[in-house]
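Tertiary structure, described
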Amino acid sequence: MAAEISYVTTEEQLEQALAIRHHVFVIEQQVPAEIEIDQYDVISPDVHHVLLSTDGQAVATGRLIYYSKDTAKMQRIAVLESHRSFGYGRVLLLAMEERARELGLSYSILDAQCQAQKFYEKLGYEVISEEPFYDADILHVRMRKSL
């Protein structure tokens, strides 16, 4: 299945991204809705939302924010359950990393759910946190990669 990457520039695209995240984080993972949405869920030059679509349907999303002058923070990476294990998460993250390079950034960090740690390691991320930590009652590790 072919995947198409879009950078979110319209409210309609942002709504599609938020709907995917709601399904994955709020419904599947029981993250409280009031903490899933935050100040970065806007269209802004300081936030880069990405959508991955296949057959005209948005099925995965993520966002990139500036963590420091040379580092992007990848966040809210979500793939609809019906589209997992087809490689869309990998395609999405690689597109997000390419966007970070286009923005002149040298590193990527992310807070990975522990159950997804091996996925990120396969893509070159290394754990940099001393020990796992909770975010939204889910164990995470901080990971970093040179771009």
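Everything here concerns the structure above.
Report follows, based on the coordinates. Source: prediction; values computed, not measured.

Procedures and definitions
- Counting restarts for each chain: residues are numbered from 1 in the order of the written sequence.
- Residues qualify for local features only when their pLDDT is at least 70, as the model is predicted, and side-chain atom pairs are given and counted only at 80 or more; totals for whole chains, interfaces and linings, by contrast, use all residues.
- Side-chain metrics rest on all non-hydrogen atoms present in the structure, leaving aside hydrogens and water.
- Strands here mean DSSP runs of E at least two residues long; helices mean DSSP runs of H or I at least four residues long; both are numbered from the N terminus.
- Atoms considered for the radius of gyration are the C-alpha atoms alone. The globule rule reads 2.2 Å times the number of residues to the power 0.38.
- Buried, partly exposed and exposed residues are distinguished by accessible area as a fraction of the type maximum, computed with a 1.4 Å probe on protein chains only: under 20%, between the cut-offs, and over 50%, respectively.
- Here the open area of atoms and residues is found with the Shrake-Rupley method and a 1.4 Å probe, where only the protein chains shown may cover a residue.
- A positive count includes Lys and Arg, and a negative count includes Asp and Glu. His and the chain ends are not counted in either.
- Working definition for charges: the position is that of NZ of Lys, CZ of Arg, CG of Asp or CD of Glu.
- How far a helix is expected to stretch is found by multiplying one less than its residue total by 1.5 Å.
- Values of bend correspond, residue by residue, to the angle between axes fitted over the seven residues ending at that residue and the seven starting there.
- The pairing test for Phe, Tyr and Trp rings, Trp by its six-membered ring, is centres within 6.5 Å, and the orientation test on the planes gives stacked under 30 degrees, edge-to-face over 60, and tilted for anything in between.
- Only Lys NZ and Arg CZ are tested; either one counts as a charge over a ring when it is within 6 Å of the ring centre and within 35 degrees of the ring normal.
- What makes a salt bridge here is a side-chain nitrogen of Lys or Arg within 4 Å of a carboxyl oxygen of Asp or Glu, nothing more.
- Any two residues whose heavy atoms approach within 4.5 Å at even a single point are treated as in contact.
- Pairs of N or O atoms within 3.5 Å make up the polar contacts considered here, provided that, within protein, one atom can donate a hydrogen while the other can accept it, and that residues adjacent in sequence are counted only when both atoms are side-chain atoms.

Scanning the protein chain for helices and strands turns up four helices and eight strands. Radius of gyration (C-alpha) of the protein chain: 14 Å, near the 15 Å computed for a compact globule of 147 residues. For the protein chain, the residues scored as buried account for 44% of the 147 residues in total. Split by element, the accessible area of the protein chain, about 8000 Å² in all, is 49% carbon and sulfur. The positive charge centre, built from 14 side chains, and the negative charge centre, built from 23, are 7 Å apart in the protein chain.

This part takes up helix α1 (residues 11-28). In this model, α1 (18 residues) spans 24 Å end to end at C-alpha, consistent with the 26 Å of a helix rising 1.5 Å per residue. Considering bend angle alone, the principal kink of α1 is centred on histidine 22 and spans about 30 degrees. At the exit of α1 stands glutamine 30, carrying a positive phi of roughly 60 degrees.

Turning our attention to the packing of aromatic side chains. The relative placement of two aromatic rings is captured by the distance of their centres and the angle of their planes. With the rule as written, the count across this model stands at three aromatic pairs. Judged by centre distance (6.1 Å) and plane angle (50 degrees), the rings of phenylalanine 86 and tyrosine 88 are tilted. Judged by relative accessible area, phenylalanine 86 falls into the partly exposed class, the value being 48%. Under the relative-accessibility criterion, tyrosine 88 is labelled buried at 3%. Seen from the ring of tyrosine 7, arginine 99 lies directly overhead, with NZ or CZ sitting 4.2 Å from the centre. For arginine 144, the ring lying beneath its charged end belongs to tyrosine 107, and the centroid distance is 3.8 Å.

Further remarks concern the pattern of salt bridges. According to the stated counting rule, one finds twelve salt bridges in the structure shown. Between glutamate 36 and arginine 76 there is a salt bridge, with its nearest N and O atoms 3.1 Å apart. One end of the pair, glutamate 36, is in helix α2 (residues 33-36); the other, arginine 76, is in strand β4 (residues 71-79), and 40 residues separate them in sequence. For arginine 101, the salt bridge is made with glutamate 98, and the minimal N-O distance between the two is 3.2 Å. Here glutamate 98 and arginine 101 lie together in helix α3 (residues 88-102), a separation of three residues that amounts to about one turn. Relative accessible area serves as the criterion here: at 36%, glutamate 98 is assigned to the partly exposed category. Here the residues in one salt-bridge network are Arg21, Glu36, Asp38, Asp41, Arg63 and Arg76, joined through shared partners.

With 15 residues, α3 should reach 21 Å at 1.5 Å per residue; the first-to-last C-alpha distance of 21 Å fits that figure. Looking at the buried residues of α3, the elements they touch are β1 (4-7), β2 (47-54), β3 (57-68), β4, α4 (117-122) and β8 (138-146).

Our focus in this paragraph is the side chain of serine 108. Inspection of the secondary structure assignment puts serine 108 in strand β5 (residues 107-113). Serine 108 sits in the buried class, given a relative accessible area of 0%. Among the polar contacts made by the side chain of serine 108, one reaches the side chain of tyrosine 125 at a distance of 2.7 Å. Ignoring any residue separated from it by four or fewer positions in sequence, one finds serine 108 in contact with Thr71, Ala72, Met74, Tyr125, Met143, Arg144, Lys145 and Leu147.

Everything listed here is a matter of coordinates, which is why it stays silent on function.
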